[in-house]
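Observations on the three-dimensional arrangement
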There are 2 protein chains.
Amino acid sequence: MSEQKALQNVRQEIDALDEKIQTLINARTALAHQVAEIKQQQADQSDFYRPEREAMILRRVMERNTGPLPDKEMARLFREIMSACLAAEKPLSIAYLGPEGSFTQSAALKHFGGSAELLPVSTIANVFSAVETEHACYGVVPVENSTEGMVSHTLDRFISSSLKINGEVSLRIHHYLLGKGENLSDVKTVYAHPQALAQCRQWLGDQLPQAALIPLDSNAEAARRVSTMDETAAAIAASNAAEIYNLTVLANNIEDEAGNTTRFLVIGRQDVGPSGADKTALLVSTKNKPGALQKLLQPLAENQISMSRIESRPSRKGIWEYVFFIDIEGHSQDSAVADALAKLESESSMFRVLGAYPKAVL
Amino acid sequence: MSEQKALQNVRQEIDALDEKIQTLINARTALAHQVAEIKQQQADQSDFYRPEREAMILRRVMERNTGPLPDKEMARLFREIMSACLAAEKPLSIAYLGPEGSFTQSAALKHFGGSAELLPVSTIANVFSAVETEHACYGVVPVENSTEGMVSHTLDRFISSSLKINGEVSLRIHHYLLGKGENLSDVKTVYAHPQALAQCRQWLGDQLPQAALIPLDSNAEAARRVSTMDETAAAIAASNAAEIYNLTVLANNIEDEAGNTTRFLVIGRQDVGPSGADKTALLVSTKNKPGALQKLLQPLAENQISMSRIESRPSRKGIWEYVFFIDIEGHSQDSAVADALAKLESESSMFRVLGAYPKAVL
């Protein structure tokens with residue numbers, strides 16, 4: 001059989017498969033419609049989207065995947081299939097910190113898929129308002145960058161809002177080697193924030209073993225400085241620095257591991273049930289006396305609950321009172337967690353569960 | 001049967017369907033691997049991605065679609081499935097005009113799907129270089145905005161490059177009503193470019209029938225002006241203007257039709273075969289004498305070939321010589337087109353087919 005003929009045969013098989021896949025996706029859309037109809041007879045009509053069920057489906061897709069398509073790619077396809085099925089029923093409107101093209105838009109797309117209706121909003125406060133006033137079903141806001149720390153606007157807004165955290169999204173921000181020249185081989189000196197240098201150590205060792213590595217206060221400062229130098233200088237920075245300082249991308253995605261990530265929160269008006277792998281976010285305040293925080297956190301340790309993050313913010317009520325944002329592993333409805341939270345609450349001057357939500361799957 | 005039980009049954013059916021879909025997608029990935037293996041035995045090993053075959057598959061998906069999932073949504077899912085299958089074989093690297101988050105990135109994602117490896121590059125010239133030097137398989141550059149006209153950098157670069165146009169992408173840019181207040185009902189005056197006012201006429205008539213409509217030079221100028229006024233003023237602009245001028249989005253996607261689009265070109269090193277619904281882009285130069293252009297274009301009219309666009313640019317060779325970028329309907333290998341192009345070539349002082357490529361499907 002000639003190669004051309006062989007190719008034609010395989011392509012016919014692909015076409016036949018495509019037709020079957022299409023039929024099944026349409027059947028799935030029809031079933032999603034049945035789900036919506038049943039729910040419409042129930043009291044809570046806004047509950048079309050169930051974050052915990054989506055997370056469970058995606059995890060199952062990854063667990064049972066035998067390949068050859070990689071697990072994450074398969075989960076990404078199912079995220080899109082679910083997004084399309086849901087939109088055929090009732091398009092989800094998602095307010096996000098704009099403008100269009102922002103990283104928060106990418107996060108909203110990653111979480112809700114390409115079929116959601118995305119509404120850019122100009123401030124974090126306006127994302128909250130859009131969801132509070134039911135202009136949007138959900139909102140997406142940045143909350144934490146691995147190199148820049150917490151986004152305080154977002155945390156502060158939770159103090160006055162009754163919205164719940166319904167999910168989280170992690171977005172990897174890539175490192176680029178930027179320079180004035182055209183060739184990597186011209187580079188003799190690399191400038192960057194020490195953390196960026198550390199995150200790219202292996203790549204730098206392989207590709208530029210002779211280069212001097214100069215730590216600076218920020219990657220943006222490194223890019224700015226390199227823009228005033230010759231082609232032997234290069235900076236590690238985000239891709240938008242290339243645009244701002246008119247530098248060339250000498251190499252991309254040079255980080256050794258997923259070091260540089262930005263974390264986003266999905267906010268909504270309802271609580272989310274347990275998915276089997278969840279986090280709970282707490283807002284807690286305590287009196288400012290020695291040992292108060294240690295005492296406050298004791299119930300978590302006693303119940304073997306890991307705390308993945310704690311962040312203090314000044315409360316707006318009193319000069320010396322602080323509030324703490326605490327992320328713990330598990331769902332607030334899990335019995336061990338519920339037990340610890342009850343004790344924690346009794347020790348706090350203020351206590352609120354900001355939300356319990358599925359851990360990011362993708 | 002209780003509603004809860006009914007819901008559970010439908011969800012079990014969905015889970016069973018998902019498992020079948022997953023099995024078929026993995027089978028498709030295996031077949032794509034066979035295609036790659038057959039191609040590896042052929043001479044041209046870089047030819048994994050075939051734009052014309054992708055376009056044909058997507059059109060067939062839309063034609064045979066019976067719903068309930070809408071045709072475009074179904075095609076979007078197949079774009080993602082093909083993207084994932086291709087990446088499992090050999091990830092396509094795509095250079096685009098960055099930074100990350102630019103509209104060109106959205107265009108690259110729309111055309112190549114979420115599994116392609118996207119490389120932001122700081123200038124249009126660098127997108128061309130990245131493809132010419134084989135740092136990237138393909139490039140994506142903006143070429144035309146419906147309100148701002150052609151992107152001259154891109155056209156000029158084709159004069160000196162041997163790259164081919166392999167595809168086109170249209171991206172809809174939405175209009176937003178931006179203001180200082182919170183409520184649409186406060187708005188008494190709307191500022192915008194006349195074209196934007198025209199594109200939103202129906203929406204304005206329905207929602208703000210009493211408002212005065214004031215034309216200005218640009219939507220950006222309208223947003224700037226509104227930022228200095230009170231809550232009775234509003235501007236029609238793109239969402240990033242809200243960020244820049246600290247305005248609130250009072251309403252989104254207010255355009256009556258898809259008026260405001262940006263068009264992008266996919267550039268590559270190879271020619272693309274006919275897909276059945278194609279365009280051909282030409283670069284033509286003629287002597288600057290009266291009637292020369294009319295005479296040049298006559299073969300197109302005689303062969304009933306529609307010209308969808310013509311744009312003149314000064315050539316860099318002589319002061320009075322112009323080059324023309326001409327888009328025609330059909331593929332340069334179609335017999336009527338080939339016939340007309342042969343005649344057109346004989347009348348030109350310079351003639352090049354910049355590329356024949358499938359019309360945008362999505």
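Residues numbered from 1 in each chain as written. Chains lettered and ligands numbered in written order. Predicted model: local features only at pLDDT ≥ 70, side-chain atom pairs only at ≥ 80, totals over all residues. Heavy atoms only, no water.

- Identification of chain A as Bifunctional chorismate mutase/prephenate dehydratase from Methylophaga frappieri is taken from an unreviewed UniProt entry.
- According to its UniProt record, chain A has this under Subcellular location (unreviewed entry): "Cytoplasm".
- Its UniProt record gives chain A the following Function (unreviewed entry) comment, quoted word for word: "Catalyzes the Claisen rearrangement of chorismate to prephenate and the decarboxylation/dehydration of prephenate to phenylpyruvate." (UniProt positions renumbered as here; feature names shortened; annotations may be inferred.)

1. Section: the overall build of chain A
- Of the regular secondary structure elements, chain A holds 12 helices and 15 strands.
- Dimensions of chain A, computed from C-alpha atoms along their principal axes, come out at roughly 65 × 65 × 40 Å.
- Of the roughly 15900 Å² of accessible surface on chain A, a fraction of 49% belongs to carbon and sulfur atoms.
- Side chains of chain A carry 36 positive and 45 negative charges; the gap between the two charge centres is 4 Å. (Helix = DSSP H or I, 4+ residues; strand = E, 2+ residues; numbered from the N terminus. Areas by Shrake-Rupley, 256 points an atom, 1.4 Å probe, with all protein chains shown as cover. Lys, Arg positive; Asp, Glu negative; His and termini not counted. Charge placed at Lys NZ, Arg CZ, Asp CG, Glu CD.)

2. Digging into helix 11 (residues 292–302) of chain A
Residue and element names in this part refer to chain A.
- All of the buried residues in helix 11 are Ala-292, Leu-296, Leu-297, Pro-299 and Leu-300. For helix 11, the arc enclosing every buried residue in end-on projection is 130°, short of the 170-degree limit, so these residues lie on one face. Turned more than 90 degrees from where helix 11 packs its buried face, Gln-294, Ala-301 and Glu-302 sit exposed.
- One or two positions beyond helix 11, positive phi appears at Gln-304, with a value near 60°. (Buried < 20%, exposed > 50% of the residue type's maximum accessible area, 1.4 Å probe, protein only. Arc of directions from axis to C-beta.)

3. Comments concerning the side chain of Thr-189 of chain A
- Position of Thr-189 of chain A relative to the elements: it lies in strand 7 (residues 189–192).
- Setting aside residues up to four positions removed in sequence, Thr-189 of chain A forms contacts with Ala-211, Ala-212, Ile-214, Thr-232, Ala-233 and Ala-234 of chain A. (Contact = heavy atoms within 4.5 Å.)

4. As for the sheet that holds strand 9 (residues 233–237) of chain B
All names here are of chain B.
- A sheet is described by the order of its strands in space; here five strands give the open sequence 8-7-9-6-10, paired in mixed fashion. A strand with exactly one partner marks an edge of an open sheet, and here the two such strands are strand 8 (212–215) and strand 10 (248–252). On average, each strand axis in the sheet is inclined to that of its neighbour by 30°, with strand direction left out of account.
- Pairing of strand 7 (residues 189–192) with strand 9 involves three bridges; the strand directions are parallel. When the sheet's bridge partners are listed, Thr-189 is paired in strand 9 with Ala-233.
- Relative to strand 9, helix 9 (residues 219–226) is tilted by about 155°, and along the sheet it contacts strand 6 (176–179), strand 7 and strand 9. (Pairing = 2+ DSSP bridges. Axes fitted to C-alpha atoms, helices over the stretch in contact; angles between N-to-C directions.)

5. Notes on the relation of the copies chain A and chain B
- Aligned on chain B, chain A shows an RMSD of 0.1 Å; the corresponding rotation is 180° and the shift along the axis is 0.1 Å. Such a turn and shift between the copies fits a two-fold axis. (Least-squares fit on C-alpha atoms with pLDDT ≥ 70 in both.)

6. Let's talk about the sheet that holds strand 6 (residues 176–179) of chain A
All names here are of chain A.
- What the five strands build is an open sheet, ordered 8-7-9-6-10; its pairing is mixed. Of all strands in the sheet, those with a lone pairing partner are strand 8 (212–215) and strand 10 (248–252), marking the two edges. If you compare each strand with its neighbour and ignore which way they point, the axes differ by 30° on average.
- Looking at chain direction, strand 6 and strand 9 (residues 233–237) are connected through four bridges and run antiparallel. If you follow Leu-177 over to strand 9, its bridge partner there is Ile-236.
- Against the sheet, helix 9 (residues 219–227) touches strand 6, strand 7 and strand 9, its axis set at about 155° to strand 9.

7. Some details on the interface of chain A and chain B
- On the side of chain B, 77 residues touch chain A, which itself brings 76 residues to the contact.
- For the pair chain A and chain B, the two sides together bury roughly 7000 Å², of which 59% comes from carbon and sulfur.
- Contact with chain B buries surface across chain A, with Arg-11, Gln-22 and Glu-100 of chain A losing the most and accounting together for 9% of the total.
- Inspection of the region where chain A meets chain B yields 10 salt bridges.
- In this structure, the connection of chain A to chain B is made through 24 residue pairs in polar contact (both at pLDDT 80 or more).
- Classifying every residue of the side of chain A that touches chain B by side-chain character gives 34 nonpolar, 23 polar and 19 charged. (Buried area = accessible area lost by both parts, 1.4 Å probe. Salt bridge = Lys/Arg side-chain N within 4 Å of Asp/Glu carboxyl O. Polar contact = N/O pair within 3.5 Å; in protein donor to acceptor, adjacent residues only side chain to side chain. Nonpolar A, V, L, I, M, F, W, Y, C, P; charged D, E, K, R; others polar.)

8. Here we look at helix 2 (residues 51–64) of chain A
Residues and elements named next belong to chain A.
- When the terminal C-alpha atoms of helix 2 are compared, their 20 Å separation across 14 residues agrees well with the 20 Å that a helix rising 1.5 Å per residue should span.
- Most of helix 2 sits inside the fold, with 10 of its 14 residues counted as buried.
- Listed in full, the buried residues belonging to helix 2 are Pro-51, Glu-52, Arg-53, Glu-54, Ala-55, Ile-57, Leu-58, Arg-59, Val-61 and Met-62. (Expected span 1.5 Å × (residues − 1).)

9. Regarding the environment of Val-249 of chain B
- Along the chain, Val-249 of chain B turns up in strand 10.
- Separated by 230 residues in the primary sequence, Val-249 of chain B and Glu-19 of chain B have C-alpha atoms spaced 42 Å apart.
- Excluding residues within four positions of it along the chain, Val-249 of chain B makes contact with Pro-120 of chain A together with Tyr-176, Leu-177, Leu-178 and Ala-242 of chain B.

10. Structural notes on the packing of helix 5 (residues 124–132) of chain B against helix 6 (residues 152–160) of chain B
Residue and element names in this part refer to chain B.
- It is the contact of helix 5 with helix 6, at a shortest axis distance of 9 Å, that shows an interaxial angle of 40°. Judged on the interaxial angle alone, helix 6 and helix 5 are oblique. Once helix 5 is placed against helix 6, the crossing between them reads as right-handed. Together, Ile-124, Ala-125, Phe-128, Ser-129 and Glu-132 of helix 5 and His-153, Thr-154, Arg-157 and Phe-158 of helix 6 make up the contact between the two elements.
- Classifying every residue of the contact of helix 5 with helix 6 gives four nonpolar, three polar and two charged. (Parallel < 35°, antiparallel > 145°, perpendicular 65-115°, else oblique. Left-handed = near helix turned anticlockwise from the far one by under 90°.)

11. A closer look at the domain arrangement of chain A
- Domain boundaries assigned for chain A yield domain 1 (176–252) and domain 2 (275–358).
- Put simply, the middle of domain 1 of chain A and the middle of domain 2 of chain A, counted by C-alpha atoms, are 41 Å apart. (Domains from an automatic or database assignment.)

12. A closer look at the pattern of salt bridges
- In total, this model carries 40 salt bridges over all chains according to the counting rule given.
- Two residues, Arg-64 of chain A and Glu-19 of chain B, come together in a salt bridge whose shortest N-O distance is 3.9 Å. Here Arg-64 of chain A, found in helix 2, pairs with Glu-19 of chain B, found in helix 1 (residues 3–41), and the two come from separate chains.
- Taking relative accessible area as the criterion, Arg-64 of chain A reaches 23% and is therefore assigned partly exposed.
- What makes Glu-19 of chain B partly exposed here is its relative accessible area of 43%.
- Note that Arg-172 of chain B is salt-bridged to Glu-255 of chain B, the shortest N-O span being 2.9 Å. With Arg-172 of chain B in strand 5 (residues 164–172) and Glu-255 of chain B in the loop between strand 10 and strand 11 (261–268), the pair connects residues that are 83 residues apart, well separated along the chain.
- When its relative accessible area of 7% is taken as the criterion, Glu-255 of chain B is described as buried.
- Put simply, Glu-168, Arg-263, Lys-279 and Asp-327 of chain A are held in one network by salt bridges that share partners.

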